[in-house]
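# Chains, contacts and geometry: an overview
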Amino acid sequence: MNTIGTETHSLRPAGPAAPRTEADGPAGELKLVLAEACRILARAGLAEDILGHVSARAPEGETLLVRSRSPQECGLLFTTPEDIHEVASKEDALPLGYRPPNEFPIHSQVMKARPDAAAVVHAHPPAIVACELAGLELRSIVGAYNIPAMRMAAEGLPVYPRSLLINNDELGASVADTLGDRPACILRGHGIVTVGATVEQAVVRALNLEALARMTLAADRPGTVPPVVPAEDMQAMPDLGSAFNDGYVWQYQRAQLELAGLGLRK
């Protein structure tokens, strides 16, 4: 395996990355997108402090590009492209003191089981975890408020029943089995895993499910069971496509990073 990243790591909590060059190529752009994904998830509250990670298939070969940890770890909100490394195994030795995430088997085993997935998000969204612990199923109680979340909930969100670190291939494979062909699964007392055809899609799916979980918690009152959206209303709602559902939301989230001084592009 050819490891990526031989530059000297610098601690840049909120500053932009160095301008990219043409030599960066597809891997350089993908590392930048993955760093943005980590910042977006953290700023939205889905990945507190140093927890969580995002991965994507490397442009070439059987490896993954994944958010890794260095001795200068400052958390997902301050991820830079330098924190993204090419990894084939949890035991890989990375440059500059970096280490693959302990739960790299989530990414490797889900990617192995899902050839349709190009990216994996593992995050710890508090509202989703709270709903699962309280026995509140994420149901399609919203419609046009968040159509993608409604559809994911209507088709069912599997729950992985163990509350532990997914730190070996056997556990990673069992998470992949639970996920099946769905876009997301909930890890009991832990967090979520989402997949996507792009990094952007995997991230936006996580954001949408957390929005549904917050609404579920807000609507939970004694004696109240919010009804699900009627079938005829679901069928009447259009599929607005990935450009709208994922692309525009991603652009909004990236603009929010810029506004907060956390942007990575010049």
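Quantities reported herein were computed from a predicted structural model and do not represent experimental measurements.

### Quick notes on the packing of helix H1 (residues 25–43) against helix H6 (residues 199–219)
For any two helices packed against each other, one specifies the crossing angle of their axes together with the interaxial distance. Two elements in contact, H1 and H6, have axes separated by 10 Å at closest approach and are oriented at 5°. Comparing their axes, H6 and H1 come out roughly parallel. Counting all contacts with H1, which are made through Leu-30, Val-33, Leu-34, Ala-37, Ile-40 and Leu-41, the residues of H6 involved are Val-199, Glu-200, Val-203, Ala-206 and Leu-207. Taken together, the residues of the contact of H1 with H6 break down into ten nonpolar, no polar and one charged.

### Things to note about the side chain of Asn-245
Along the chain, Asn-245 falls in helix H8 (residues 241–259). Accessibility expressed as a relative area gives 19% for Asn-245, which makes it buried. Filtering out sequence-adjacent residues up to four positions away, Asn-245 remains in contact with Pro-148, Val-204, Asp-239 and Leu-240.

### Regarding the sheet that holds strand S2 (residues 64–67)
The strand order across the open sheet built from seven strands is S3-S2-S1-S4-S7-S6-S5, with neighbouring strands paired in mixed fashion. Each having just a single partner strand, strand S3 (84–87) and strand S5 (159–160) make up the two edges of the open sheet. Looking at chain direction, S2 and S3 are connected through four bridges and run antiparallel. Looking at S3, one finds that Leu-64 is bridged to Val-87. Helix-sheet contacts for helix H2 (residues 104–113) involve strand S1 (53–57), S2, S3, strand S4 (119–123) and strand S7 (191–196), and the interaxial angle to S4 is about 145°. Of the strands in this sheet, S1, S4, strand S6 (184–187) and S7 touch H6, which is tilted by about 140° from S7.

The rules behind the values
Residues numbered from 1 in each chain as written. Predicted model: local features only at pLDDT ≥ 70, side-chain atom pairs only at ≥ 80, totals over all residues. Heavy atoms only, no water. Axes fitted to C-alpha atoms, helices over the stretch in contact; angles between N-to-C directions. Helix = DSSP H or I, 4+ residues; strand = E, 2+ residues; numbered from the N terminus. Parallel < 35°, antiparallel > 145°, perpendicular 65-115°, else oblique. Contact = heavy atoms within 4.5 Å. Nonpolar A, V, L, I, M, F, W, Y, C, P; charged D, E, K, R; others polar. Buried < 20%, exposed > 50% of the residue type's maximum accessible area, 1.4 Å probe, protein only. Pairing = 2+ DSSP bridges.

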